[in-house]
Amino acid sequence: MDRGDSRRRVVVTGYGVITPLGADTETTFARTSRGESGVGPITAFDAAGLPCAVAGEVPDDWLGTSQPSPLRHLEPMVSRGVRLAWQAAQQAARQAHLERVSCRHRIGFFLGTFGENQAWAQIQSLHRMMRAGAAKSLLDARDYDCMHFFRRKPDVAAALMARICDCQGPVHAFGSACAAGAQAVGEAYRAIQAGKADLMMAGGCEAPITLVGFLGFLLLRALVERYENPQRASRPFDRKRNGFVLSEGAGILILEAREHALARGARVLGEVLGYGTSLDAFRITDVPAHGQGAALAMRAALEDAGLSPGEVDYINAHGTATVQNDLAETRAIKAVFGHMARQIPVSSHKSMLGHTVAAAGPIEMILTLEGMRQGLILPTINLSSPDPACDLWYVPNEAIQRAHSRALTNSFGFGGHNACLCIGLPREEE
Amino acid sequence: MGEGRPGPAVITGIGLTSALGRSAAETWQSLTAGRSGIERLPMPATEGTSMPRVARVPAPERLRDPGRGVQTRIAGLHTWLLVRACTEAWNQADLPGAGLSARRIGLFAGLSPVECRPEDLLGAAKASLGSCGQIDYERFFREGYRQIHPLWLLFMLSNIALCQAAARLGIQGDNAVFSPHSDAGARALWEGMQSVAEGRSDAALAGGASAELWPTALVRARYAGLSPRSVLGEAGAFMMFESGTGAYRRGVPALARITGFAQACETEDGPPAVATIQRVMEEALERTGCGPAEVDLVIGHLDGSAEEDRREQAAVKQLLGGAPVWGSKTALGHTQAASVVVDAVLSVLMLTGGLMPVSEAGTPSAVFRRAAVRRILINGRSPQGQVVTLVMERGA
C-alpha cells in the first residue's frame, strides 16, 4: 500500500454526526447497528395530500437551545443546516482536542451543502414584486425576509462554521448536490496532501425538509411514493423500492496530516487512503444503465489508494432506493470487482437514515469508520423482496460482526457527479 | 492514471463571455479600446436597490445554442455562460484533435448560486389561490404543485451546469464544484491545475460562471455584504490546463502558467485585515520563488467597497511597494464566482499580447500600453471573509 510518492498521509482524528436516529455518533451507530429506522411522518409542514409524506427529521430539541457564542449576533443568518453542522462539529472537535491546535491559519473548513430553501411566504412576496415590476416594492414589503439570502448561500454556512471553529485556512463550500459532502472530504484530503493545510474540518449538512425543498424532489419523482409505513419506506436494492426518503442531518470529520497528528499526540481513528471522482457525461436526468461513471469513481479511488479490488473489505453503497440508482450501482460494483463482487459485503445506510443529500457522504463515511473500529458491518434494512437484478451481498436486515479494515464509500449526485472515498483503520504503528 | 507525475501544468486555451463580448478576443478588443460593459438599468425595475448599474452580457438569447448535450429546459444563463467559455477554451486548446480519453479530462468550476425564479412557480400559485387571494394549501396539494415543471429543482442546482458542459464535451474525469464567490473560481483554477500536475488528469478545464442578474438578485445583493458602489456583472470564464510536456508534444502553445496560489479565511467581524491580505499574497509569491519586486502588475479585487478596497491597496503597498494596481470590475462588473477567472483570462491576454493597463485603479475606461509583462498577481475575496491570491506567469 506504499504509494511510493511524496504526498502526505491523511488521518482521521475526530468525527461527529447528527441524524434522525441520534444527536451523536454513538447513538446513531448503536441504533443503526440494531437496524432501526429514523424515518417517520413529516412534522415540519402539513404534507397531507402529497404522494410522499415521510422523511427523516431531526427533533428540534437535539439542536440545543443556544447559538455558539461567535454567532449570537448573526442569528438571522444561521440556517438549520448550520445548526446541524455545529452539533456534529462540536463532537468532532472534542474528540480531536482541536482546542489544543494553536496554528489556526493552517486549519481549513470544507462543507458540502445546498443551503436553505425559500419558504412559501417568501415566494409569494416575490410574486408580488414581479407583478409590481419594481425592486422597491420588495424592499418595502415587510414580510420579505431578506436575511434568508444568507441562509441560502452555501458559502455563508462554510464561513460561519469556520468562524465558530476558528479555522483561518482554506474555507470553501461545495455544490455538487448529493456528492457535495463527499467531495468536501475528498478535497480536504487533497488540500492536506498538497500541504495547503495541516488539519481540515470537512463534511456536509442539509436541512431540506421544508415544503419548497420537498416539492423539488417530489416533482422529480425521486421520492418514495408507495410504502406500508414510514419505517419500511426506504428499501434500497429491494424489488419493491420506488424512490428515496428525504432526510436531514450533518456529519463533520477532522482530517489531519499524519505527522501533525502524531506530533501533537492526537488519537488516530482512521486514514483516508484514496479519493476518486468522475462525471457521467450522460443525460442530466438519467443514470447510465451500467453505472460507468460510478465505476470510474471507484476505480479512481482505488488507484489513488494504491489498492487492488481484492483488498477492499466492505463497500458502503450510495444505495438511495431509486430503481435506476441501485441497479446501476450494482452493475458498477460488478464491473470494478468482477468475480469478487458477490463476496464483498455491500450495504446502504440510507435504508435506516434516509437520504441526507450533501450530508450523506460524510455521515456514511463516519458510520463506516465506526463500523470498522467496532468490527461491525451495518445492514441494509427493508430488504425482504430481493431484486434478481440486484444480486450482491447487501447485508440484509441485520448487522454482521466481521473484522474489516478497508472500505469504499460511494456518493453520487444529481446530474452525474460521482465521488468515492477509500478509508481504512489506522495501521499498527499508530 | 498516467505514468508518474507529469510536472507543471500550463494553460493552452482560454474562454470568456462577458459584458464586453462573446469570446475572449472580443472582450479583450473592447477592453483595450477603452469600452465599458456597464449600463444603467431602467427605472423602476431597480428603484431602491442601490444597484442601478450592472454589466450584463449582451443579447443573452444569442448565447443559447441548442447544440448537442445540453438540456435546455434546465439551462439558465449561467449554464450557457459556462458551456460557451468551456467550449471556447476546449477549441483553442485543440482538444477535439488530441485523442485524450474522456475519463482523463477533468472539469472544475466555481459557480454562483442560482435563485428560484418566481415565474416558475406562478402557474402553481394561480391554480392554488383561494377566494381571499391567499394560497389554498388543499388546492395546492391537490393540483397546484403539479403545474410546476418536474425539473424545476435541477434548474436551481448550480452543479447541473457543470454536468451539462460535461455531457456536451464528453468529460468524465476528476471534478469539483465550488460555490459561490471569487474564491470559488480561484480554487477551481488551482484544483484544475493540480489535477494535471499530479497526474489525475491529462487535461482539465477550470473556471467559473456567474448567475443571471435578475432584479431579485440586485435586491439581495444589497444584503449580501456587497457595497452599494459595487456593480454586479455576468460572465463565464474558463481555462484549459495540460502538462507542459503534453502541450509540447501536441504542438499546442503554452499561453501561461499559474505559479502561485494561497488563501485564508478571516474569522473576525468586518472585512479582511490588511495583515491577512498581505500574508496570503506573500504565501502565494513564496510558492513562485520570486520576490515582490518581480511582480509587474496587480489585478486587485477592487469591487468598489470603500474600506475593503482601501485595505487591499494598503496590503499591496506594504508588500509590493509601487507595483501598479488595476481592477477589471470598473468595466466588467463583479462577476462573483467567475471574477478571479475573468482576471486570470485577461492576464493570459496581457502576458501573451505584451499589453498592460496603465490607468489608475477605479478608472472606468482602461488605457493600455505596450510592456513586457512577466508576472501578474491577482487578488480575490468574498463578503464572508475568504481571501485568495493567484500568481500568473508567461508560458514556459
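What counts and what doesn't
Residues numbered from 1 in each chain as written. Chains lettered and ligands numbered in written order. Predicted model: local features only at pLDDT ≥ 70, side-chain atom pairs only at ≥ 80, totals over all residues. Heavy atoms only, no water. Helix = DSSP H or I, 4+ residues; strand = E, 2+ residues; numbered from the N terminus. Buried < 20%, exposed > 50% of the residue type's maximum accessible area, 1.4 Å probe, protein only. Contact = heavy atoms within 4.5 Å. Areas by Shrake-Rupley, 256 points an atom, 1.4 Å probe, with all protein chains shown as cover. Lys, Arg positive; Asp, Glu negative; His and termini not counted. Charge placed at Lys NZ, Arg CZ, Asp CG, Glu CD. Phe/Tyr/Trp six-rings, centres within 6.5 Å; stacked < 30°, edge-to-face > 60°. Pairing = 2+ DSSP bridges. Salt bridge = Lys/Arg side-chain N within 4 Å of Asp/Glu carboxyl O. Buried area = accessible area lost by both parts, 1.4 Å probe. Polar contact = N/O pair within 3.5 Å; in protein donor to acceptor, adjacent residues only side chain to side chain. Nonpolar A, V, L, I, M, F, W, Y, C, P; charged D, E, K, R; others polar. Core = buried A, V, L, I, M, F, W, Y, C linked by side-chain atoms within 4.5 Å. pLDDT = per-residue confidence, 0-100. Axes fitted to C-alpha atoms, helices over the stretch in contact; angles between N-to-C directions. Parallel < 35°, antiparallel > 145°, perpendicular 65-115°, else oblique.

## As for the overall build of chain A
Part 1: In terms of regular secondary structure, chain A is built from 13 helices and 14 strands.
Part 2: The principal-axis extents of the C-alpha atoms in chain A amount to approximately 65 × 55 × 40 Å.
Part 3: By residue count, 68% of the 430 residues in chain A fall in the buried class.
Part 4: Of the contacts formed within chain A by residues at least 6 apart in sequence, a portion of 80% connects residues at least 24 apart.
Part 5: For chain A, the accessible area works out to roughly 13,400 Å², and carbon and sulfur atoms hold 49% of it.
Part 6: Charged side chains of chain A number 43 positive and 43 negative; the gap between the two group centres comes to 2 Å.

## Some remarks on the packing of aromatic side chains
Residue and element names in this part refer to chain A.
Part 1: Following the criterion strictly, the structure yields ten aromatic pairs over all chains and no others.
Part 2: Measuring from centroid to centroid gives 5.8 Å for phenylalanine 217 and phenylalanine 244, while their planes differ by 70°, and the two rings are edge-to-face. Here phenylalanine 244 lies in the loop between helix H8 (211–219) and strand E7 (249–257) and phenylalanine 217 lies in helix H8, a separation of 27 residues in the sequence. With respect to burial, phenylalanine 217 and phenylalanine 244 carry one shared label: buried.
Part 3: Ring centres of phenylalanine 217 and phenylalanine 414 lie 6.0 Å apart, and the angle between their planes is 35°; this geometry places the pair in the tilted category. With phenylalanine 217 in helix H8 and phenylalanine 414 in the loop between strand E13 (406–413) and strand E14 (417–424), this residue pair connects regions lying 197 residues apart in the sequence.

## A look at the pairing of E14 of chain A
Residues and elements named next belong to chain A.
Part 1: In terms of residue burial, E14 counts as a mostly covered element, since eight of its eight residues are buried.
Part 2: Along E14, one buried face is formed by His417, Ala419, Leu421 and Ile423 and the opposite face, lined by Asn418, Cys420, Cys422 and Gly424, is buried too.
Part 3: With eight bridges joining them, strand E8 (residues 270–279) and E14 adopt antiparallel strand pairing. Opposite leucine 279, over in E14, you have histidine 417 as the bridge partner.
Part 4: With eight bridges connecting them, E13 and E14 associate as antiparallel partners. The residue of E14 that forms the bridge with asparagine 410 is cysteine 420.
Part 5: Connecting E13 to the next strand, E14, in antiparallel fashion are three residues, including glycine 415 with a positive phi near 95°.

## Thoughts on the pattern of salt bridges
Part 1: Tallied over the entire structure, the rule returns 42 salt bridges over all chains.
Part 2: The closest approach of N and O atoms between aspartate 304 of chain A and arginine 7 of chain A, which form a salt bridge, is 2.7 Å. Highlighted residues: aspartate 304 of chain A in helix H10 (residues 292–305) and arginine 7 of chain A in the segment before strand E1 (10–18), separated in sequence by 297 residues.
Part 3: Arginine 381 of chain B is paired through a salt bridge with aspartate 303 of chain B; the nearest N and O atoms lie 3.2 Å apart. With a gap of 78 residues between them, arginine 381 of chain B in strand E14 (residues 375–381) and aspartate 303 of chain B in the loop between strand E10 (297–299) and helix H11 (306–320) connect regions that are remote in the sequence.
Part 4: Arginine 381 of chain B gets classed as buried once you look at its relative accessible area, which sits at 6%.

## Regarding the interface of chain A and chain B
Part 1: With 82 residues of chain A in contact, the opposing surface of chain B contributes 82 residues.
Part 2: Between chain A and chain B, a total of about 7,100 Å² is buried, with carbon and sulfur atoms accounting for 62% of that surface.
Part 3: The tally of links from chain A across to chain B stands at one salt bridge.
Part 4: For arginine 190 of chain A, the salt bridge goes to aspartate 174 of chain B, with nearest N and O atoms at 3.0 Å.
Part 5: At the junction of chain A with chain B, the criterion picks out 23 residue pairs in polar contact (both at pLDDT 80 or more).
Part 6: The dominant element in the side of chain A that touches chain B, judged by the number of residues it contributes, is helix H3 (residues 120–132) of chain A, at eight residues.
Part 7: Split into classes, the residues belonging to the side of chain A that touches chain B amount to 44 nonpolar, 23 polar and 15 charged.
Part 8: Where strand E5 (residues 171–174) of chain A lies against strand E5 (residues 175–179) of chain B, two bridges are found, and the strand directions are antiparallel. Counted as the bridge partner of phenylalanine 174 of chain A is phenylalanine 178 of chain B from E5 of chain B.

## Some details on the nonpolar core
Part 1: Leu255 of chain A together with Met239, Phe241, Leu346 and Met392 of chain B are the most contacted members of the largest nonpolar core, which totals 101 residues.
Part 2: Ranked by the residues each element gives to this core, the list is headed by helix H13 (residues 339–353) of chain B, at ten residues.

## Looking at the confidence of the model for chain B
Part 1: For chain B, the average pLDDT comes to 88, and 90% of its residues sit at 70 or higher.
Part 2: In the predicted assembly, ipTM is 0.91 and pTM is 0.93.

## So, unusual backbone geometry
Part 1: Here arginine 221 of chain A, not a glycine, exhibits a phi torsion of approximately 65°, which is positive.
Part 2: Mapped onto the elements, arginine 221 of chain A comes out in the loop between H8 and E7.
Part 3: Residue arginine 221 of chain A is classed as exposed on the basis of its relative accessible area, which comes to 61%.
Part 4: In this structure, aspartate 94 of chain B takes a positive phi of about 55° despite not being glycine.
Part 5: Overall, aspartate 94 of chain B belongs to the partly exposed group, its relative accessible area being 42%.

## Here we look at the pairing of strand E1 (residues 9–17) of chain B
Residue and element names in this part refer to chain B.
Part 1: Burial runs high along E1: nine of the nine residues are buried.
Part 2: The sheet contact formed by E1 and strand E8 (residues 236–243) spans eight bridges and is antiparallel. In the strand pairing of E8, alanine 9 is matched with serine 243.

## Comments concerning the sheet that holds strand E7 (residues 232–233) of chain B
All names here are of chain B.
Part 1: The three strands lie next to each other as E2-E3-E7, forming an open sheet whose pairing is mixed. Strands with a single pairing partner mark the edges of an open sheet, and in this sheet they are strand E2 (39–40) and E7.
Part 2: In terms of strand pairing, strand E3 (residues 53–55) meets E7 through two bridges, oriented parallel. Residue valine 54 lies in a different strand from E7, and its bridge partner there is leucine 232.

## Regarding the packing of helix H1 (residues 25–33) of chain A against helix H13 (residues 360–374) of chain A
All names here are of chain A.
Part 1: Relative to each other, H1 and H13 sit at 75°, their axes nearing to 11 Å. As judged from the angle between their axes, H1 and H13 are roughly perpendicular. Contacts between H1 and H13 involve Thr25, Thr28 and Phe29 from the former and Ile366, Leu367, Glu370, Gly371 and Gln374 from the latter.
Part 2: Taken together, the residues of the contact of H1 with H13 sort by class into three nonpolar, four polar and one charged.

## Re the side chain of glutamate 57 of chain A
Residues and elements named next belong to chain A.
Part 1: Relative to the helices and strands, glutamate 57 is located in the loop between strand E3 (54–55) and helix H2 (80–96).
Part 2: Buried glutamate 57, no salt bridge; nearest opposite-charge side chain is arginine 80, N-O distance 6.8 Å.
Part 3: There is a polar contact of 2.7 Å between the side chain of glutamate 57 and the side chain of threonine 43.
Part 4: A polar side-chain atom of glutamate 57 sits 2.9 Å from the main-chain amide nitrogen of alanine 44.

## Focus: the packing of helix H7 (residues 180–193) of chain A against H13 of chain A
Any two packed helices are characterised by how steeply their axes cross, that is the angle between the axes, and by the distance between the axes.
Residue and element names in this part refer to chain A.
Part 1: The geometry of H7 relative to H13 is characterised by a closest axis approach of 5 Å and an angle of 65° between their N-to-C directions. Taken as axis vectors, H7 and H13 run roughly perpendicular relative to one another. On the side of H7, the interface is formed by Gly181, Ala182 and Val185, while H13 contributes Gly361, Pro362 and Met365.
Part 2: Residue classes in the contact of H7 with H13 are distributed as four nonpolar, two polar and no charged.

## Digging into the environment of leucine 189 of chain B
Residues and elements named next belong to chain B.
Part 1: With respect to the secondary-structure elements, leucine 189 resides in helix H7 (residues 182–197).
Part 2: In this structure leucine 189 comes out as buried when scored by relative accessible area, which is 0%.
Part 3: Separated by 79 residues in sequence, leucine 189 and glycine 110 place their C-alpha atoms 8.7 Å apart.
Part 4: Leaving out residues up to four positions away in the same chain, leucine 189 has contacts with Ala206, Gly207, Met239, Phe241, Ile258, Val341, Ala344 and Leu390.

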